[in-house]
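Spelled out from the first residue to the last, the chains are:
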Amino acid sequence: MAAEPAGRLDPEFSGPDASATPWAEASRELEVAEIYWLSTVRPDGRPHVTPLIGVWLENALYFCTGAEERKAKNLEGQPQCVITTGCNKVDDGLDLVVEGEATRTSDDAKLIRAAEAYAAKYRDPMWHFTARDGAFYSSDGNRAVVYEMTPSTVYAFSKGRFGQTRWRF
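Residues numbered from 1 in each chain as written. Predicted model: local features only at pLDDT ≥ 70, side-chain atom pairs only at ≥ 80, totals over all residues. Heavy atoms only, no water.

Q: Quick question: what am I supposed to make of the nonpolar core here?
A: A general tendency of soluble globular proteins is for nonpolar side chains to be buried together. Counting residues in hydrophobic clusters, the biggest one holds 40 residues, and the most contacted among them are Phe63, Tyr118, Phe136 and Met149. With 7 residues, strand β10 (residues 143–158) is the largest single contributor of residues to this core. Those residues in contact with phenylalanine 136 that lie beyond four places of it in its chain are Cys64, Leu111, Ala114, Ala115, Tyr118, Phe129, Thr130, Ala131, Asn142, Arg143, Ala144 and Val146. (Core = buried A, V, L, I, M, F, W, Y, C linked by side-chain atoms within 4.5 Å. Buried < 20%, exposed > 50% of the residue type's maximum accessible area, 1.4 Å probe, protein only. Helix = DSSP H or I, 4+ residues; strand = E, 2+ residues; numbered from the N terminus. Contact = heavy atoms within 4.5 Å.)

Q: Before we go on, may I ask you to explain unusual backbone geometry in this structure?
A: Negative phi characterises most residues that are not glycine, and trans characterises most peptide bonds. We note that aspartate 133 has phi near 50°; this positive angle belongs to a residue other than glycine. Along the chain, aspartate 133 turns up in the loop between β8 (130–132) and β9 (135–137). For aspartate 133, a relative accessible area of 59% translates into the label exposed.

Q: Would you mind going over the pattern of salt bridges with me for this structure?
A: Side-chain pairs of opposite charge can arise whenever the charged atoms involved come near each other. Under the counting rule described, the total for this entry stands at 8 salt bridges. The partner of arginine 46 in a salt bridge is aspartate 44, and the shortest N-O contact between them spans 2.8 Å. Under the relative-accessibility criterion, arginine 46 is labelled partly exposed at 45%. Note on aspartate 44: relative accessible area 52%, which makes it exposed. Two residues, aspartate 95 and lysine 159, come together in a salt bridge whose shortest N-O distance is 3.0 Å. Highlighted residues: aspartate 95 in strand β7 (residues 94–105) and lysine 159 in the loop between β10 and β11 (163–168), separated in sequence by 64 residues. Given the relative accessible area of 16%, lysine 159 is considered buried. (Salt bridge = Lys/Arg side-chain N within 4 Å of Asp/Glu carboxyl O.)

Q: Any chance you could explain the packing of aromatic side chains here in plain terms?
A: Between two aromatic rings, the relevant description is the distance of the centres plus the angle of the planes. Taken as a whole and assessed by the stated rule, the structure comprises 9 aromatic pairs. On the basis of an interplanar angle of 70° and a centroid distance of 5.0 Å, the ring pair of tryptophan 23 and tryptophan 167 is categorised as edge-to-face. A residue pair is termed long-range when its members are at least 10 positions apart, and tryptophan 23 in helix α1 (residues 23–32) and tryptophan 167 in strand β11 qualify at 144 residues. Given the relative accessible area of 4%, tryptophan 23 is considered buried. (Phe/Tyr/Trp six-rings, centres within 6.5 Å; stacked < 30°, edge-to-face > 60°.)

Here is the structure:
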């Protein structure tokens, strides 16, 4: 993925004085967001949405979950998903929608970098993990599988000027 992909402002869904959101701004918002919303599809086709924490690292979103949780089961059957983040205000902020495929990662080098990013971002020791044997382990020994979500399309919805920017990867 290019470090600075070109964004395209969609005039059909943007105000007359809107401008494209720079990728650096969108990427920074993905990095600092504390909560993300993951949308997956259940085996019977019904949607499933859940909040989670994660890290934006090396142009991918990383998140973890128990292997038996609904989101993990959904992703095993259908890896295409959507992750959103933003704020709940009409006239201020930036909302982001990241479409792509989430796959389990068991690469210990990636997991170590992701665990370090979690520890730096989330100060609560509850979210500090040890990466080993292809998974995350909490301080109480619970095992979590880790997903790497690689974007195919990212949308930014700027508030106030109401601009919609799209990046395709």
